[in-house]
Amino acid sequence: MYFLGDYTERSMGLSSANIANEGIQFCIFDSRRGQHEGQELDKILFFYPSECPYSSQLSVIGLCEGIITFTRIFSPEAACEVIEAERHSHVFYEAEPDIWMIMVVEKSKYAESVWRSEALRGVLKEIHSLFVMFHGSLKTLIDKQPSGEFARTHLYYFFTDYLTDFTIGKKIQLPSFRECLKERGTVQMLTISRDMAIEIQSLVTVLGSPSGANTIYNSLILFQDLLVSTTLSPDDTANLFAYCVMRLSPHALSSSLSVNSWSYIRKSKSASNVSTVSAVCAALDGSHGTSHDASPGEQPRTVNVPRPLQRDKWSKGGDGFLVTDVWGVEVGTSLPRTPTLWLQQTHERTYLCVYQYKNLTIVLLIPVSSLINGEQGIALVKNQLLENVSQKIVNIEEKLSRGWGGENAYHVSGYRYLLLDGDRNISRASPPAKVTTLSKDSLLALNKLREEVDLEKKRTMLDNPEHEKDFEACIRAKNNAWVIAKISRGRELYMALEKASETLMFASDAVEKFSNRYCEGAFSLD
Amino acid sequence: MFGSSSRDPSSAVLCGSGALSHVYIQHPPLRCNIPETHGLFYDDGNKLLLSPTSDQVLSWKTAQCDQYDPPNSDSISEGPVLSIRYSLDKKVICIQRSNQEIQFKNKETGKSFSWRCKSGSESILGFFWTDCPSCDIIFIKTSGIESLLYDAELNTLRLVEAKRFNVSWYVYTHESRMVLLASGMQCTTFYGFQFSSGGIIRLPKFEMTMVRTEANQKPVLAVEDVHIATIYGRIYCLQHDRAGMILNLYRFYRDAVVHQGTLPTYSNRIAVSVVDNVLLVHQVDSKVVIIYDLFLDSLAPVSAPLPLLLRGASVNGKQAAQVGDNIAMSYGAMIYADKWSFLVPDLICDLDHGLLWKIYLDLEAIAASSSDIPYLLEFLQRRKSDTSKSKLLCLAIMRSIILERRPVSIISSAIDVLVAAYSHVVKAGSALHGGDRRASETFPDSSTQQTENPGSLFVDSVGGTKNNKNFVKQESSSRAESKSQQPACTNVKNEHFNDAAVSAAPGVPAGSVSSSDADTDLESRNHSTQHPEMSLSGDSSAKETRTLMQPGRGAETPVVKGEESSIHAEAFENRISSIESGISSNQGAQLSTAAISPDEMYNFVFAIVEDEMGGDPAYLVAIIVEFLRSVFKEKMKVHPKLYVMTIQLLVRSNRYAEVGLLVINKVLEPSKEVALQLLDSGRQNLQLRKLGMDMLRQLSLHHDYVNLLLQYGYYLEALRYARRNKVITVSPSLFLEAALATNDSQQLAAVVRFFSDFTPGFKSTAEHSRFLGILTEMS
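Residues numbered from 1 in each chain as written. Chains lettered and ligands numbered in written order. Predicted model: local features only at pLDDT ≥ 70, side-chain atom pairs only at ≥ 80, totals over all residues.

Naming follows an unreviewed UniProt entry, where chain B appears as Mic1 domain-containing protein of Dendrobium nobile.

The name an unreviewed UniProt entry assigns to chain A is CCZ1/INTU/HSP4 first Longin domain-containing protein, from the organism Dendrobium nobile. Word for word, the UniProt comment on chain A under Sequence similarities (unreviewed entry) is "Belongs to the CCZ1 family." (UniProt positions renumbered as here; feature names shortened; annotations may be inferred.)

See below:
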């Protein structure tokens, strides 16, 4: 549900003066908390920027909560999703029942302030699902410690670390219309031959059933920043994949200082980045403490909160396994503790073991419950892995590297495309360098089209969640480019054709060709 | 080792005969003990056992040991018989009467004549008939060797060529066409000739070594200490060094003799047999036999030394043995008697009793005592004599190692062995086919011609290497041969398959033999820089085999058919009980091979073990994955049932992600069976269901696809798809009912309209009027 117009803005008393300089605010609140007058602050689990006065924080939350309550009257299942005002966008995401994440963006602060609200929501979703993967759901954290302090500390560090990826210069850079041929929260896969696939499956089965264990270990295999194999559910795969690309892949390890994994603009220098982060952190630290009966400037009390998204904390050990001390050290030793994470599908807590050989990253998830003797057991599993499969890994890496087509491997000349498989959380798109060749008009048109499709998808979902609707749109943009969207049986194809000829026939032929050639005819059903 | 698989009915075959032995002779023997005969002679050229009486010669065919067949007889004139051999066409009987005289008798004309050597200066050591094109018979004399032509019409001999040197004694086997002439004080200097249908090959002179025991005593090599053995089409010579207690192993190449190593001996007297390309070294004094498989040039024995066993009558082994006649019982004590003569390759003749025994390998016993499974499987796959037994054993071994949950790595290498063996048979089979066709079209007679033909193309391209043309030619032709494996196969024997297998078998250090050969081979050393690995070795011996083995035995080689596997699969759809009958019924028609097709692997291994180990899908999946990997590597196909099973097993442990990847990467080859299984398993998982739908669509199974769309309520999509792909087999009423179920009159109207417009004659059907009626009611 959308709210449009500046009426809302004025009537709710939101003024731009209250918004911090960066033009962006995040907040997470639990609407079940702080029900009584005077305890409203208790609702707030996280607010960014934290130096923002409580009055402003509360007014943002008040507005959002009010809208949510109001819209629930008409739509109890899906309350408000976005408020589009003249100067601000409020993007809503109900991460867990009654726990809301809100992103407020000030349009005037961004030169290219055109985005899809769904893309912004994607950021919120990603933060939340990664958070849950590492720390468990917010609800359990709150239940564990009803004061909420525990959850707040975790959120604070997690959010801060996450935002470093979006910080370019001194600004937080949001996914704009330029990223309309990208989809956050999806996995990019490497296309492999049949022979290669069976070799990899052979590796996966050996990884999955170590001798002596009767549980199956899950694994994820990446080649560079592309997924090769997974045994996890699509959602778990997407989360872990995102984490790998952000922090674990060879690329992330070597350039984690300077590059945003998703950003096209790779100019920022590590130094500026780090300083920004620390500045932000310091600022956050300062005011964070004040909000809860502590004097300003005090460091958060729980310092040993694991910060899985902290940058530059992973490195490659001598045995090929990646190590980090983010999870602290074993009691009484200086050995780093093996990270753990939660699988969404099985609600299982697993150790995270990452082995890297050249471009190949192998993530092995060992159920915590399967190892009685913790770190010792992990060491044993690691040894076994080295013994049994290191040769296989070398062979596979070699063959994949040989067959690897480079960054532009999935470029299809003449097309700028995004292919989405929502069921499996997979996407494939034209390489970023090729997308940048599109003119601004084409990108804006496609962004607009995607926005429309997002709405249409939502409507279908509400009408009949079981039934997927096919959908097709071919639009001639201002600059005579064709922008195309096609949905068929849960798969989505978005395209921009700039050098296409005049006729619609040509455009639809182009889609047809693409579909037959690269999608096994998935989009040429009728 | 196979005990745990006792539930598996076929494991009974693994129990063997109970007695501890790997080699046995089978009762009853061929009896040649007819009174009034003077001795027994073995004519290995014709595989006849000959026994002369005063005026005739009796002959038994040793190939089919049917004891009740009376011997053939031919009359001969009286006189002493030192040796006797039929010509290869059996028209001439040739008898050595004395050291100076050999008598020839033409059976057809009845005429005979005698041939004498110079008395005094030389004496005849022996003779043999040959299928060499330039001569018919070879005489070996103390003064050298003579090749002669026999003229049937004139009934005379004509000397072709004589080579002069001192000969102390000689060894010849028709199987190898190789004669070794011993000379020198110690009889350790050898001249070697091969009289094959391809011509005469003279080997370089070579020395055999003997260990000296005492300072001034030089041992003399005796004729009974030198054995020629033909194994996998390669020719070996085994020289027993009594003092050193070793058996020296030499291998003959076209232009070299290479010492391959030594085998230990435990007896003053040893004998050598070759059964089904397995080398048996009989330690006569200690009454045990040691078996070796020289395929990979490994000199390690296949198993520990065990005695030779005398077995009772075949099929119902034990009972018959108990009932068996007294000779069998009492003969057991006479194993390795003094008067035993070991005939090439696998016969034992008891001269005292006039009995001829054939030696057999007890594959079950060997299997039961071997713990190196991949090696054992390779060994069994190489056996040609009882292929159905080898095959059953291999299948049983596979089942039991899976049921025993051996480590996946071991099972993986076992699978590799079987798959590689099958792939090799298929390739050789199709090559054989091609070769045959070519032979009948263009090269009616000779295989040498044929191999040189593709080779000569190669010669041109390699022509730049300014070397001995002959050699280049030879090299390139043999290379072409090993590469494509097709041109040389016209006259292929089993041995040839095996030899070529050197290059195909997995894990075979192909270069190792060659490099050592290159060292000894002068010719190749000159220009070995270019392709050292190509020089001779396996290739050249394959060539030898080809030329050696051409005549006579060609007819024995049946044809491998590519379709064999599918015939197998269809014939025995299920279960072990049918395996035995199935495999044996198959034998008559085609070349029997122990190779196991992927379909048989599914039917006789995976399908069976799946039932037995339902509780552990992960392990079985791991094994199937290894199997698929192995099969894909050989570019072979797998029955969709195996894919279906894979999906079922993965789904059983909720491994949906892996199923998805396997389908997307086409590891599970698209087929209707697989698609239906995906749809079935997809009842709990939307992704699988979609994959199944996609697969149906990609397979152009339009009818099923449209039906499924309807089933899931996508009737508009189904309509569009049906129109696009011209599917008219789905009844309109199904679409109409689906539209009606939505209770949306607009939708229903659209569907009715669709059929009215696009389906001729629809308007006149009862359906049309019925749904029109419904529509009017609705509106």
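There's plenty left to go through after this.
Trainee: What exactly am I supposed to notice about the overall build of chain A here?
Mentor: Scanning chain A for helices and strands turns up 13 helices and 20 strands. In chain A, which comprises 526 residues, the share counted as buried stands at 40%. (Helix = DSSP H or I, 4+ residues; strand = E, 2+ residues; numbered from the N terminus. Buried ≥ 20, exposed ≤ 12 C-beta atoms within 10 Å, placed from the backbone.)

Trainee: Looking at this structure, how should I read the overall build of chain B?
Mentor: A count of helical and extended segments in chain B gives 25 helices and 29 strands. Considering only intrachain contacts with a sequence separation of at least 6, the fraction spanning at least 24 residues in chain B is 56%. (Contact = placed C-beta atoms within 7 Å.)

Trainee: Just to check I follow, could you spell out the environment of Leu736(B) for this structure?
Mentor: All names here are of chain B. Its location among the elements puts Leu736 in helix α23 (residues 732-741). A count of 21 C-beta atoms within 10 Å places Leu736 in the buried class. A C-alpha to C-alpha distance of 35 Å links Leu736 and Val659, two positions 77 residues apart in sequence. Once you skip the residues sitting within four places of it in the chain, Leu736 turns out to touch Val751, Val752, Glu767 and Phe771.

Trainee: So what exactly am I meant to see when it comes to the interface of chain A and chain B here?
Mentor: Think of interface size as the accessible area that goes away when the parts come together; that is how it is often given. Chain A puts 32 residues into the contact, and the matching count from chain B is 32 residues. Broken down by secondary-structure element, the contributors of at least two residues to the side of chain A that touches chain B are α6 (194-208) and β10 (226-230) of chain A. Counting residues per element, the side of chain A that touches chain B draws most heavily on α6(A), which supplies eleven residues. Residues of the side of chain A that touches chain B, tallied by class, amount to nine nonpolar, 14 polar and nine charged. (Nonpolar A, V, L, I, M, F, W, Y, C, P; charged D, E, K, R; others polar.)

Trainee: Explanation requested: helix α3 (residues 117-135) of chain A in the structure shown.
Mentor: Given 3.6 residues per helical turn, the α-helix brings residues three or four places apart onto the same face. All names here are of chain A. When the terminal C-alpha atoms of α3 are compared, their 27 Å separation across 19 residues agrees well with the 27 Å that a helix rising 1.5 Å per residue should span. Along α3, 16 of the 19 residues are buried, which leaves the element largely enclosed by surrounding structure. In the stretch just after α3, Gly136 is the one whose phi turns positive, near 85°. (Expected span 1.5 Å × (residues − 1).)

Trainee: Can you walk me through unusual backbone geometry in this structure?
Mentor: Peptide bonds are, in most cases, trans, and in most cases residues other than glycine have a negative phi. That bond from Tyr48(A) to Pro49(A) is cis: its omega, -5°, falls within 30 degrees of zero. In this structure, Asn155(B) takes a positive phi of about 55° despite not being glycine. Assessed through the 15 C-beta atoms surrounding it within 10 Å, Asn155(B) is described here as partly exposed. Phi angles above zero are rare outside glycine, and Ser700(B) is one such case at about 60°. As for its placement among the helices and strands, Ser700(B) is situated in the loop between α20 (686-698) and α21 (702-711). A residue is classified by how many C-beta atoms lie within 10 Å of it, and Ser700(B), with 10 of them, is exposed.

Trainee: Whenever I open this one, the domain arrangement of chain A confuses me. Can you help?
Mentor: Residues and elements named next belong to chain A. Segmentation of chain A into domains returns domain 1 (2-177), domain 2 (194-261 + 313-403) and domain 3 (416-518). Centre-to-centre separation of domain 1 and domain 3, based on C-alpha positions: 30 Å. Counting residues at the interface gives five residues for domain 1 and seven residues for domain 3. (Domains from an automatic or database assignment.)

Trainee: Explain the nonpolar core here, please?
Mentor: A general feature of soluble globular proteins is that nonpolar side chains tend to end up buried together. Grouped together as the largest cluster of nonpolar side chains are 330 residues, with contacts concentrated most on Phe46(A) and Leu180(B). Among all residues touching Leu180(B), those that are not within four sequence positions of it are Tyr170(B), Val171(B), Phe190(B), Gly192(B), Val226(B), Ile228(B) and Cys237(B). (Core = buried A, V, L, I, M, F, W, Y, C linked by C-beta atoms within 7 Å.)

Trainee: Looking at this structure, I do not really get the packing of α23(B) against helix α24 (residues 745-758) of chain B. What am I missing?
Mentor: Each pair of packed helices gets described by two things: the angle between the helix axes and the distance between those axes. Residue and element names in this part refer to chain B. Taken N-terminus to C-terminus, the directions of α23 and α24 make an angle of 165°; their axes are 8 Å apart at the nearest point. In terms of orientation, α23 lies roughly antiparallel with respect to α24. In this structure, the crossing between α23 and α24 has a hand that is right-handed. On the side of α23, the interface is formed by Pro732, Phe735, Leu736, Ala739 and Leu740, while α24 contributes Gln747, Leu748, Val751, Val752 and Phe755. (Axes fitted to C-alpha atoms, helices over the stretch in contact; angles between N-to-C directions. Parallel < 35°, antiparallel > 145°, perpendicular 65-115°, else oblique. Left-handed = near helix turned anticlockwise from the far one by under 90°.)

Trainee: Help me out: how do you make sense of helix α13 (residues 504-518) of chain A in this one?
Mentor: All names here are of chain A. When the terminal C-alpha atoms of α13 are compared, their 21 Å separation across 15 residues agrees well with the 21 Å that a helix rising 1.5 Å per residue should span. Of the positions making up α13, those classed as buried are Ala507, Val511, Phe514 and Ser515. Here the buried residues of α13 occupy an arc of 100° about the axis, which is enough to place them on one side. With respect to the buried face of α13, the exposed residues turned more than 90 degrees away are Met505 and Arg517. Elements that come into contact with the buried residues of α13 comprise β16 (416-421), β18 (471-476), β19 (482-488) and β20 (491-497). Glu520 occupies a position one or two residues after α13 and carries a positive phi of about 50°. (Arc of directions from axis to C-beta.)

Trainee: Would you take a moment to explain the sheet that holds strand β17 (residues 189-196) of chain B for this structure?
Mentor: All names here are of chain B. Taken together, four strands build an open sheet; the order of strands is β15-β16-β17-β18 and the sheet is antiparallel. Each having just a single partner strand, β15 (169-173) and β18 (199-207) make up the two edges of the open sheet. Averaged over all neighbouring strand pairs, the angle between strand axes comes to 15°, with direction disregarded. Bridge analysis of strand β16 (residues 178-183) against β17 gives six bridges, and the strand direction is antiparallel. Across the sheet, the residue bridging to Leu180 is Gly192, located in β17. (Pairing = 2+ DSSP bridges.)

Trainee: Teacher, can you tell me more about the sheet that holds strand β11 (residues 124-129) of chain B here?
Mentor: The pairing of strands in a sheet comes from backbone hydrogen bonds and takes either a parallel or an antiparallel form. All names here are of chain B. The antiparallel open sheet is built from four strands, whose spatial order is β11-β12-β13-β14. Each end of this open sheet is capped by a strand with a single partner; those strands are β11 and β14 (156-164). Across the sheet, the mean angle separating the axes of adjacent strands is 20° when strand polarity is ignored. Strand direction decides the pairing type here: strand β13 (residues 144-151) and β14, joined by eight bridges, are antiparallel. Looking across to β14, one finds that Leu148 is bridged to Leu159.

Trainee: What's the story with the confidence of the model for chain A in this structure? I'm lost.
Mentor: In regions of low pLDDT, the predicted coordinates are not meant to be interpreted in detail. Residues and elements named next belong to chain A. Here chain A shows a mean pLDDT of 82. Residues at 70 or above account for 85%. Note on residues 4-20: pLDDT is under 50 here. Beyond four places in sequence and across chains, it has 24 contacts. Taken as a whole, residues 256-302 scores under 50 in pLDDT and shows 63 contacts with residues more than four places along the chain or in a different chain. (pLDDT = per-residue confidence, 0-100.)

Trainee: What is the right way to read the environment of Thr387(B) from this model?
Mentor: Assignment of secondary structure puts Thr387(B) in helix α5 (residues 387-403). Spatially, the C-alpha atom of Thr387(B) lies 4.6 Å from that of Ala594(B), the residues being 207 residues apart in sequence.

Trainee: Teacher, can you tell me more about the packing of helix α16 (residues 617-633) of chain B against helix α17 (residues 640-652) of chain B here?
Mentor: Residue and element names in this part refer to chain B. Running from N to C, α16 and α17 point in directions that differ by 145°, and their axes come no closer than 9 Å. Helix-helix and strand crossings are classified by hand; for α16 and α17 the assignment is left-handed. Every residue of α17 that contacts α16 at Pro617, Leu620, Val621 and Ile624 is listed here: Leu642, Thr646, Leu649, Leu650 and Arg652.

Trainee: Looking at this structure, how should I read the environment of Leu376(B)?
Mentor: Relative to the elements of secondary structure, Leu376(B) occurs in helix α4 (residues 373-382). Here the alpha-carbon distance between Leu376(B) and Ile397(B), two residues 21 residues apart in the chain, equals 9.4 Å.

Trainee: I would appreciate a short explanation of the pairing of strand β12 (residues 137-141) of chain B in the present structure.
Mentor: Consecutive residues of a regular strand have side chains that alternate between opposite faces of the sheet. All names here are of chain B. Across the five residues of β12, five count as buried, placing the element largely inside the fold. Every second residue of β12 is oriented toward a common face, with Ile137, Phe139 and Lys141 on one face and Ile138 and Ile140 on the other, all of them buried. Examined bridge by bridge, β11 and β12 share five bridges and lie antiparallel to one another. In the sheet register, Phe128 faces β12, and the bridge partner there is Ile138.

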